[in-house]
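Examination of the molecular architecture
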Amino acid sequence: MGSSTTSNESNDIPCSYIPVPDSPDAAGAAVEPRRQVKGLFVIFCGMLVLISLVAFNGYYRASNNGHEQASLAAALTKIIVEESGSETVPASSRWQQAASRGVSAGVSEKTNRLFSSSNSNGEMYPWNNSMLSWQRTAFHFQPEKNWMNDPNGPLYYKGWYHFFYQYNPNGAIWGDIVWGHAISRDLIHWQHLPLAMVADQWYDKNGVWTGSATILPNGEIIMLYTGSTNESVQVQNLAYPADPSDPLLIDWVKYPSNPVLFPPPGIGATDFRDPTTAWLTSQGKWRITIGSKLNKTGIALVYDTVDFKTYEKIEGLLHAVPKTGMWECVDFFPVSKEVKNGLDTSINGAGVKHVMKVSLDDDRHDYYAIGTYDEKNVKFIADDVKNDVGIGLRYDYGVFYASKTFFDDSKARRVLWGWIGESDAEYADVAKGWASLQGIPRTVALDTKTGSNLLQWPVAEVESLRLRSDEFKDLKAKPGSVVPIDVGTATQLDIVAEFEIEKEELEKVTSESNVDKYNCESSGGAAQRGALGPFGLLVLADDGLSEYTPVYFYVVKGSDGNLKTSFCSDQSRSSVANDVVKKTFGSFVPVLEGEKFSVRILVDHSIVESFAQGGRTTVTSRVYPTRAIYGAARLFLFNNATDVSITASLKVWQMNSAFIRPYNPDQSN
Amino acid sequence: MTNLKTITIFFFFLIAMTSLPSIIHCRTLNDDKLIESTCRRTPNYNVCIQSLKANPASSGADVNGLAQIMVKVMTSKANDAINLIHQLQRSGSSSQKTALSSCASKYNAILIGDIPQAAEALQKGDPKFAEDGSNDAANEATFCENEFNGKSPLTKQNNAMHDVSVVTAAIVRNLL
């Protein structure tokens, strides 16, 4: 951590100390009568004060305000972000031309022969309207056009799920942010409503930013959100429905005495945003947390309130983790150790663990940690400090940010929303007129079998979109093979698959000394062969396999015979176009004794969401094929391991559209 | 008494003459140090220094202000490229027609997408969107250059756009 004293280095220049020249008249003045000496002395002191005032003014303006002192200090002590693996790597390395992979060794002989026309030597692939319009999803939430980012204030009220979101009404880029609004009976079929809140007050003139809802025991809805004021100061504001009897909650009122919270002393004016849902303390007060940072330490501030209008800042921090940077979209909630249900945000006690989650500004990833909430000392303590918030587990190892949960008391579940940005170039977003999706809402619960991670799973209502299904039992795939899965078109699918490695072959495989050596993100993706992997499915593939997205397991056998499994999604061959992200995402996934390798994949045009081992590890990716689109998209089973065959059983459903559209009161729900 | 008056006036004058240059020099030294240290944290120190020093507003600007100046430099580089693209399109080189048209759409995206997003993000206080916009602008310039398969008439402009954008993104990183 940087020390702020270094920032004073630049101030320790000789000029900050005004050298006073010897007065040539000093000696002469001593001979003067005493009264004149005194007068001269007074005038001399006055001059000095004047000069030092002028000098101080000059110095002060040069160093600006205290906030800048802090960021200057941070800048002077900061280390440059590391290379590869980080999404914030300088452009040239982030967009490395996919070197001509030529023949992906061993994917299949069939592929070797057919794959001759490689367009991967720097030639640009022209996008046309057909390819771009294919990218729009059928059953993921997105507005009709323009830009969207963070989910805001999700809630369930009088029979409707409400979803609000950061929205730009003027273009396919981030800017002019206001609150969009949509409603649904089932978290899947959405209807767009008018904008809930716009930037019409001085305190949110520069942005009606992210916030959360709290539903009081009497049913009253409280919305707290961040406003960027007309001077770009981040403040917290209170809003509530104009008419609580309107189940559609169309109109919203901002509290006349907003803002209710200003950045506290020591916190930067632009480091104070995204208030959480409130929870009740044992003293009967409401408590919220707001993320921020001190130098490069991410922190969570705590406030108590009884009426959501005046707040008491609690001394100390709910939690802090060094070197994680600014904490955005903090979320803090209980999970049950005993039942699969979600818990109301205010629950605490035995049988309960707490989850702290943050979105890291530095790397655009969402991290969480499981631990204990010590209410008395207002502290969150992670169970595994080595994997604390921001340095341990992620909700999702692909594109997934600014996520937020809410407790759905109608079904006693905790539901997670996540913003899925684009992985293509801006000119494509401008051409297609929109950018960003929301992930399919997921239930979140503690994995009681491992105790050390959460389980995420698409909400059950998504299954109402399932149309006809095709089932395949015990398909065998030898090393280096690709097996077509005939389901007809393959752009809107719900896939549930299980894999087993041939036991006898597994036993013959030699152990590795370093069982942790495989890393999805730095690996060669599905083309990098190992003894026990990769194997899985190729989604959004074309017949000639010039484009495909492998979702796969990679297993390493350790010296004690134990297996360590990674779960990855490889975008490197997802498109022949060169202006899309081609990384491989993923992480380790716990596979317990007696479990098969299992995966669920939702394919919906340009989004692929994959859930391994019941949701222990998830990967969301955006893919932009140019050939594997519409009727040409296919599904394959593949096994690129060198030493083992695998047996796969899968069920594949065609998915209907969710017909997300503007609200029409004349139409039935 | 007039003797005393002259002495004090002379005295004041002396102090002013010796200290004022130091005060002015002090401020410039402070600003220079910020510009230099910021530019050292970018992949292209020279491009950074040249771009910032060319704009008088850079002296006295904080890091956010320096980033906003770089976004203005991005605008000027994008306009340079667009102007040359239009010129080449008018002079009717048919073999490069598709590539030029494609480049035009990429630079259009920079001008109406990346740059406004970056400027607004810096001005309103959510700098990560400025980093994204700058990174994308650098990519768009690279994509444009790749359109020509080695025979690009826009290499100078694309390189300038790329380098300036990459520097901007690096400066914004300090704000995260």
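Residues numbered from 1 in each chain as written. Chains lettered and ligands numbered in written order. Predicted model: local features only at pLDDT ≥ 70, side-chain atom pairs only at ≥ 80, totals over all residues. Heavy atoms only, no water.

Here the focus is the overall build of chain A. Across its full length, chain A carries eight helices and 36 strands. Considering chain A as a whole, with its 669 residues, one finds that 58% of them fall into the buried category. For chain A, contacts bridging at least 24 residues in sequence account for 65% of all contacts bridging at least 6. Accessible area of chain A: about 26400 Å², with a carbon and sulfur share of 53%. (Helix = DSSP H or I, 4+ residues; strand = E, 2+ residues; numbered from the N terminus. Buried < 20%, exposed > 50% of the residue type's maximum accessible area, 1.4 Å probe, protein only. Contact = heavy atoms within 4.5 Å. Areas by Shrake-Rupley, 256 points an atom, 1.4 Å probe, with all protein chains shown as cover.)

Next up on the list: the nonpolar core. With 71 residues, the main nonpolar core has Ile495(A), Phe499(A), Leu635(A) and Leu650(A) as its most contacted residues. Leave out the neighbours within four places in its chain, and Leu650(A) touches Asp470(A), Glu471(A), Phe472(A), Leu475(A), Ile485(A), Ile495(A), Val496(A), Ala497(A), Leu537(A) and Leu635(A). (Core = buried A, V, L, I, M, F, W, Y, C linked by side-chain atoms within 4.5 Å.)

What follows deals with the side chain of Ser574(A). All names here are of chain A. On the secondary structure map, Ser-574 appears in the loop between β29 (563-570) and β30 (584-588). With relative accessibility at 2%, the residue Ser-574 sits in the buried group. In terms of polar contacts, Ser-574 uses its side chain to reach the backbone carbonyl oxygen of Gln-571, at 2.7 Å. The contact partners of Ser-574, leaving out residues within four places of it in the chain, are Glu-547, Tyr-548, Thr-549, Val-623 and Pro-625. (Polar contact = N/O pair within 3.5 Å; in protein donor to acceptor, adjacent residues only side chain to side chain.)

The subject of this paragraph is the state of the cysteines. All names here are of chain B. On inspection of all chains with the given rule, the structure shows three disulfides over all chains. Residue Cys-39 pairs covalently with Cys-48 via a disulfide, S to S 2.0 Å. Measuring handedness by torsion sign, the sulfur bridge of Cys-39 and Cys-48 sits at about -75° and is left-handed. Residue classification places Cys-39 among the buried positions, given a relative accessible area of 0%. For Cys-103, the disulfide goes to Cys-144, at an S-S distance of 2.0 Å. Taking the torsion about the sulfur-sulfur bond, which here is approximately 100°, the covalent link between Cys-103 and Cys-144 counts as right-handed. With Cys-103 in helix α4 (residues 97-124) and Cys-144 in helix α5 (residues 128-146), this pair connects stretches of sequence that are 41 residues apart. Judged by its relative accessible area of 0%, Cys-103 falls in the buried class. Classification of Cys-144 as buried rests on a relative accessible area of 0%. (Disulfide = S-S within 2.5 Å.)

Before going further, it helps to spend a moment on the sheet that holds strand β16 (residues 365-374) of chain A. Residue and element names in this part refer to chain A. The strand order across the open sheet formed by four strands is β14-β15-β16-β17, and the pairing between neighbours is antiparallel. Of all strands in the sheet, those with a lone pairing partner are β14 (327-336) and β17 (379-382), marking the two edges. The mean inter-strand angle of the sheet, taken between neighbouring strand axes irrespective of direction, is 40°. Bridging between β16 and β17 involves four bridges; their strand directions are antiparallel. Bridged to Tyr-373 within β17 is Phe-380. (Pairing = 2+ DSSP bridges. Axes fitted to C-alpha atoms, helices over the stretch in contact; angles between N-to-C directions.)

Residue and element names in this part refer to chain A. Burial of strand β6 (residues 221-228) is extensive: eight of the eight residues sit out of reach of the surface. Side chains Ile-221, Met-223, Tyr-225 and Gly-227 project from β6 onto one buried face, and the interleaved Ile-222, Leu-224, Thr-226 and Ser-228 project onto a second face that is buried too. Taken together, the six bridges between strand β5 (residues 208-215) and β6 define a ladder with antiparallel strand orientation. Each residue of the ladder has a partner; that of Gly-211, found in β6, is Tyr-225. What sits between the antiparallel neighbours β5 and β6 is a turn of five residues, in which Gly-219 has the positive phi angle 90°. Note that β6 and strand β7 (residues 234-241) share six bridges and pair antiparallel. Each bridged residue has a counterpart across the sheet, and for Ser-228 the counterpart in β7 is Gln-234. In this structure, the hairpin formed by β6 and β7 is closed by a connection of five residues, where Ser-232 is found at a positive phi of approximately 60°.

A few words now on the pattern of salt bridges. The tally for this structure, following the rule as stated, stands at 44 salt bridges over all chains. Between Asp447(A) and Arg616(A) there is a salt bridge, with the nearest N and O atoms lying 2.7 Å from each other. Of this pair, Asp447(A) sits in the loop between β22 (442-446) and β23 (454-458) while Arg616(A) is found in the loop between β32 (607-612) and β33 (617-622), placing the two residues 169 residues apart along the sequence. Of the residues examined, Asp447(A) reaches a relative accessible area of 3% and is grouped as buried. Judged by its relative accessible area of 9%, Arg616(A) falls in the buried class. A salt bridge links Asp32(B) to Lys53(B); the nearest nitrogen and oxygen atoms lie 3.7 Å apart. (Salt bridge = Lys/Arg side-chain N within 4 Å of Asp/Glu carboxyl O.)

With that out of the way, let us pick up the environment of Leu475(A). Tracing the chain through its elements places Leu475(A) in strand β24 (residues 466-477). In this view, Leu475(A) contacts Ile485(A), Leu637(A), Ile646(A), Thr647(A), Ala648(A) and Leu650(A); residues no more than four positions away in its chain are not counted.

On to helix α3 (residues 63-90) of chain B, then. Here α3(B) is 28 residues long and its end C-alpha atoms lie 41 Å apart, about the 40 Å a rise of 1.5 Å per residue gives. Residue Gly92(B) follows α3(B) closely and has a positive phi angle near 65°. (Expected span 1.5 Å × (residues − 1).)

All names here are of chain A. Spatially, the six strands line up as an open sheet ordered β25-β34-β27-β28-β29-β30, and their pairing is antiparallel. Looking at the sheet topology across the chains shown, the edges are occupied by β25 (481-485) and β30. Strand-to-strand, the axes of this sheet are offset by a mean angle of 15°, without reference to chain direction.

All names here are of chain A. Of all residues in chain A, 82% have pLDDT values of 70 or greater, and the mean over the chain is 87. Every residue in residues 1-32 scores below 50 in pLDDT, and together they form 35 contacts with partners more than four places removed in sequence or on other chains. The model gives residues 60-123 a pLDDT under 50, and that stretch makes 124 contacts with residues more than four places away or in other chains. (pLDDT = per-residue confidence, 0-100.)

Bringing α4(B) into the picture now. Each α-helix turn comprises 3.6 residues. Residues three or four places apart therefore point the same way. Residues and elements named next belong to chain B. The terminal C-alpha atoms of α4 lie 39 Å apart, and with 28 residues this matches the ideal 40 Å at 1.5 Å per residue to within 8%. Roughly 35° is the biggest bend found in α4, and it falls at Ile-110. Looking one or two residues beyond α4, the residue adopting positive phi is Gly-125, at roughly 100°. (Bend = angle between axes of the 7 residues up to and from the residue.)

The next subject is the UniProt feature "domain: Glycosyl hydrolase family 32 N-terminal" (unreviewed entry) in chain A. Mapped onto the present numbering, the UniProt feature "domain: Glycosyl hydrolase family 32 N-terminal" (unreviewed entry) falls on residues 140-458 of chain A. The span residues 140-458 of chain A carries 2% helix and 48% strand; its end-to-end C-alpha distance comes to 12 Å. (UniProt positions renumbered as here; feature names shortened; annotations may be inferred.)

The side chains of a regular strand alternate, first on one face of the sheet and then on the other. Residue and element names in this part refer to chain A. Along β32, six of the six residues are buried, which leaves the element largely enclosed by surrounding structure. Across the two faces of β32 the burial is the same, with Ile-607, Glu-609 and Phe-611 and Val-608, Ser-610 and Ala-612 all buried. Relative to β32, strand β31 (residues 597-604) runs antiparallel, the two sharing six bridges. Residue Val-603 lies in a different strand from β32, and its bridge partner there is Val-608.

This brings us to the confidence of the model for chain B. Residues and elements named next belong to chain B. Summary statistics for chain B give a mean pLDDT of 91 and a share of 91% for residues scoring 70 or more. Element-level pLDDT for chain B is lowest in helix α1 (residues 2-40), with a mean of 75, against a maximum mean of 98 in helix α6 (residues 155-173). As scored by the predictor, the complex reaches a pTM of 0.84 and an ipTM of 0.86.

With that settled, consider the packing of aromatic side chains. Per the counting criterion, the structure on display carries 36 aromatic pairs over all chains. Taken together, a centroid distance of 5.9 Å and an interplanar angle of 85° make the contact between Trp147(A) and Phe129(B) edge-to-face. Of this pair, Trp147(A) sits in strand β1 (residues 146-157) while Phe129(B) sits in helix α5, placing the two residues on different chains. Summarising the burial analysis for this pair, Trp147(A) and Phe129(B) share the class buried. An angle of 45° between the planes, with centres 5.2 Å apart, marks the rings of Phe553(A) and Phe567(A) as tilted. Within this pair, whereas Phe553(A) is found in strand β28 (residues 549-557), its partner Phe567(A) is found in strand β29, the two being separated by 14 residues in sequence. (Phe/Tyr/Trp six-rings, centres within 6.5 Å; stacked < 30°, edge-to-face > 60°.)

Here we take up unusual backbone geometry. Residues and elements named next belong to chain A. Cis geometry marks the peptide bond from Asn-258 to Pro-259; its omega dihedral reads -5°. In the segment running from Gly-533 into Pro-534, the intervening peptide bond is cis, with an omega of 5°. Turning to its location among the elements, Pro-534 is positioned in strand β27 (residues 532-541). Of note in the backbone geometry, Phe-308 takes a positive phi value of approximately 65° without being a glycine. Relative to the helices and strands, Phe-308 resides in the loop between β11 (297-305) and β12 (311-313). For Phe-308, a relative accessible area of 1% translates into the label buried.

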